[in-house]
Amino acid sequence: MSRPRPSWDAYFLRIADTASERSTCLRRSVGAVLVKDRRILATGYNGAPEGLPHCLDVGCQMVDGHCVRALHAEQNALLQAVAHGVPTDGATVYATSEPCHQCTKMLLQAHVKRIVYRDPYEDELARGLRAEAGIPCERIEESDGER
């Protein structure tokens, strides 16, 4: 009996969703996966830098309505790639949330060629940067159909 397979986009977005379950920030749980040629390069989730207390343990450190204790999922994925010597040139990032302007700048600098996300995040500066750079940024909702 045949069953529908998820598209590659849905597949990697589901993995990003699983990564988000490791989040240690109390405000948002976000996951990200860097992929190239249908191979996972690195994953990340939002949480405090290694060796520092997590929001779960000491609370969020808020500045202008944002938790500044936690690194963002996209940042953690990029840093994991760097720590292990994994090139990101030409990669796609799958994230459970649309990247903010800081993450967008880092993704552009890392030569990520495509952004796929599930949940919108209202950051017009980020959207403008992506448009100016010509980087595709696509919102998809998980589907079960093969693509």
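As a reminder, the structure under discussion sits directly above these lines.
Conventions adopted
Residues numbered from 1 in each chain as written. Predicted model: local features only at pLDDT ≥ 70, side-chain atom pairs only at ≥ 80, totals over all residues. Heavy atoms only, no water. Helix = DSSP H or I, 4+ residues; strand = E, 2+ residues; numbered from the N terminus. Contact = heavy atoms within 4.5 Å. Polar contact = N/O pair within 3.5 Å; in protein donor to acceptor, adjacent residues only side chain to side chain. Axes fitted to C-alpha atoms, helices over the stretch in contact; angles between N-to-C directions. Parallel < 35°, antiparallel > 145°, perpendicular 65-115°, else oblique. Left-handed = near helix turned anticlockwise from the far one by under 90°. Nonpolar A, V, L, I, M, F, W, Y, C, P; charged D, E, K, R; others polar. Pairing = 2+ DSSP bridges. Buried < 20%, exposed > 50% of the residue type's maximum accessible area, 1.4 Å probe, protein only.

J.: Help me understand the environment of Ala126, please; the structure alone is not making it clear to me.
T.: Tracing the sequence through the fold places Ala126 in helix H5 (residues 124-133). Along the primary structure Ala126 and Ser20 are separated by 106 residues, whereas in three dimensions their C-alpha atoms are 21 Å apart. Contacts of Ala126, omitting those with residues within four sequence positions, involve Pro99, Cys100, His101 and Thr104.

J.: What is the right way to read H5 from this model?
T.: Because an α-helix completes one turn every 3.6 residues, residues spaced three or four positions apart along the sequence face the same direction. By the N-cap criterion, in which a side-chain oxygen at the helix start approaches the backbone nitrogen of a residue two or three places on, H5 is capped by Asp123, the distance to Leu125 being 3.2 Å. Gly134, located one to two residues past H5, shows a positive phi value of around 75°.

J.: Even after reading the chapter, I still don't get unusual backbone geometry, so can you show me in this structure?
T.: If a residue is not glycine, its phi is most likely negative; likewise, a peptide bond is most likely trans. The residue Arg38 is not glycine, and still its phi comes out positive at about 60°. Mapping Arg38 onto the fold places it in the loop between strand S1 (31-36) and strand S2 (39-45). Look at His111: it is not a glycine, yet its phi comes out positive at around 65°.

J.: In this structure, what is going on with the packing of helix H4 (residues 101-109) against H5? I would like to understand it.
T.: If you want to describe how two helices pack, look at the angle between their axes and the distance between the axes. One way to put it is that H4 packs onto H5 with a least axis distance of 8 Å and a crossing angle of 20°. The pairing of H4 with H5 is recorded here as roughly parallel in orientation. Here the hand of the crossing between H4 and H5 comes out right-handed. Across from His101, Thr104, Lys105 and Leu108 in H4, the residues of H5 making contact are Leu125, Ala126, Leu129, Arg130 and Ala133. Residue composition of the contact of H4 with H5, by class: five nonpolar, two polar and two charged.

J.: Any chance you could explain the sheet that holds strand S7 (residues 137-139) here in plain terms?
T.: The strand order across the open sheet formed by five strands is S2-S1-S5-S6-S7, and the pairing between neighbours is mixed. The open sheet has two free edges, formed respectively by S2 and S7, since each of these has just one partner strand. On average, adjacent strands in this sheet sit at an angle of 20° to one another, irrespective of strand direction. Pairing between strand S6 (residues 114-119) and S7: three bridges, direction parallel. Bridge pairing in S7 links Tyr117 to Arg139. Helix-sheet contacts for helix H1 (residues 8-20) involve S1, S2, strand S5 (92-97) and S6, and the interaxial angle to S5 is about 55°.

J.: Explain the pairing of S1 to me, please; I cannot follow it from the model alone.
T.: Looking down a regular strand, the side chains alternate between one sheet face and the other. Along S1, five of the six residues are buried, which leaves the element largely enclosed by surrounding structure. Direction of pairing for S1 relative to S2: antiparallel, over a ladder of six bridges. Bridge pairing links Val35 to Ile40 in S2. Between S1 and S2, which follow one another and run antiparallel, lie two residues, and Asp37 among them has a positive phi close to 50°.

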